[in-house]
Structure formats: structure tokens, C-alpha cells
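Reading the structure
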Amino acid sequence: MDIEKLRDQLKIDEGCVNSVYLDHLNLPTVGIGHLVTEWDDEYGKPVGTPITDERVNELFAKDI
């Protein structure tokens, strides 16, 4: 599986947000639908806290 192609297609299909946002269940989320957990640096950060493209890619790789 080509992870880069998968990531790029999910960005098209699902979108990518380079900040903390609340998903449809009102849960903090970042990047390509990554649910923020207590082990993430973004945990407890307010909605709107920015993250880099590099961090989006790190979290995506972690989720795969």
C-alpha cells in the first residue's frame, strides 16, 4: 500500500485541518481526522491551536 497516496486521497475525501477542531461528536480532532488523545502534544489545547503539515503527517502515520 502506498501510504502517501492514501494520505493524499483522504485529504481530498475527508479534508485536512491544520489546527485543533471539534468533530461531529464534539471531540478534539486535528489533521486528517486524528482524535486527540492524552498522549498527544495537542491534548488540552484550545480549539484553533495550529499544527504543522509535518505534525499532520506524523499523526496520520501513527493512525495507520
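**Concerning unusual backbone geometry**
Positive phi outside glycine occurs at N26, with the angle close to 70 degrees. Assignment of secondary structure puts N26 in the loop between β1 (17–22) and β2 (28–31).

**Considering a nonpolar patch on the surface**
The grouping of M1, I3 and I64 at the surface amounts to a nonpolar patch, some 350 Å² of accessible area in total. Structurally, I3 is set in helix α1 (residues 3–14).

**A closer look at the sheet that holds β2**
Spatial strand order, β1-β2-β3: 3 strands in an open sheet with antiparallel pairing. Two strands lie at the open edges of the sheet, namely β1 and β3 (34–35), each paired on one side alone. Of the pairings in the sheet, the one linking β1 to β2 comprises 3 bridges and is antiparallel in character. Bridging across to β2, L22 finds its partner in P28.

**A look at the pattern of salt bridges**
For the structure on display, the rule yields 4 salt bridges. For R55, the salt bridge identified is with D40, shortest N-O distance 4.0 Å. Linking R55 in helix α2 (residues 53–63) with D40 in the loop between β3 and α2, this pair joins segments that are 15 residues apart in sequence. The pair formed by R55 and D40 is uniform in burial state, with each residue classed as buried. Between R55 and E42 there is a salt bridge, and its shortest N-O distance comes to 2.7 Å.

**Regarding the environment of P28**
Here P28 shows up in strand β2. Residues P28 and Y43, spaced 15 residues apart in sequence, show a C-alpha to C-alpha distance of 8.2 Å.

**Quick look at the confidence of the model for the protein**
With 100% of its residues at a pLDDT of 70 or more, the protein has an overall mean of 95. At the low end of the mean pLDDT range in the protein sits α1, at 92; at the high end sits β2, at 98.

Definitions and limits used
Residues numbered from 1 in each chain as written. Predicted model: local features only at pLDDT ≥ 70, side-chain atom pairs only at ≥ 80, totals over all residues. Heavy atoms only, no water. Helix = DSSP H or I, 4+ residues; strand = E, 2+ residues; numbered from the N terminus. Patch = residues over 30% accessible without salt bridge, like charges linked within 9 Å, V, L, I, M, F, W, Y side chains within 5 Å. Areas by Shrake-Rupley, 256 points an atom, 1.4 Å probe, with all protein chains shown as cover. Salt bridge = Lys/Arg side-chain N within 4 Å of Asp/Glu carboxyl O. Pairing = 2+ DSSP bridges. Buried < 20%, exposed > 50% of the residue type's maximum accessible area, 1.4 Å probe, protein only. pLDDT = per-residue confidence, 0-100.

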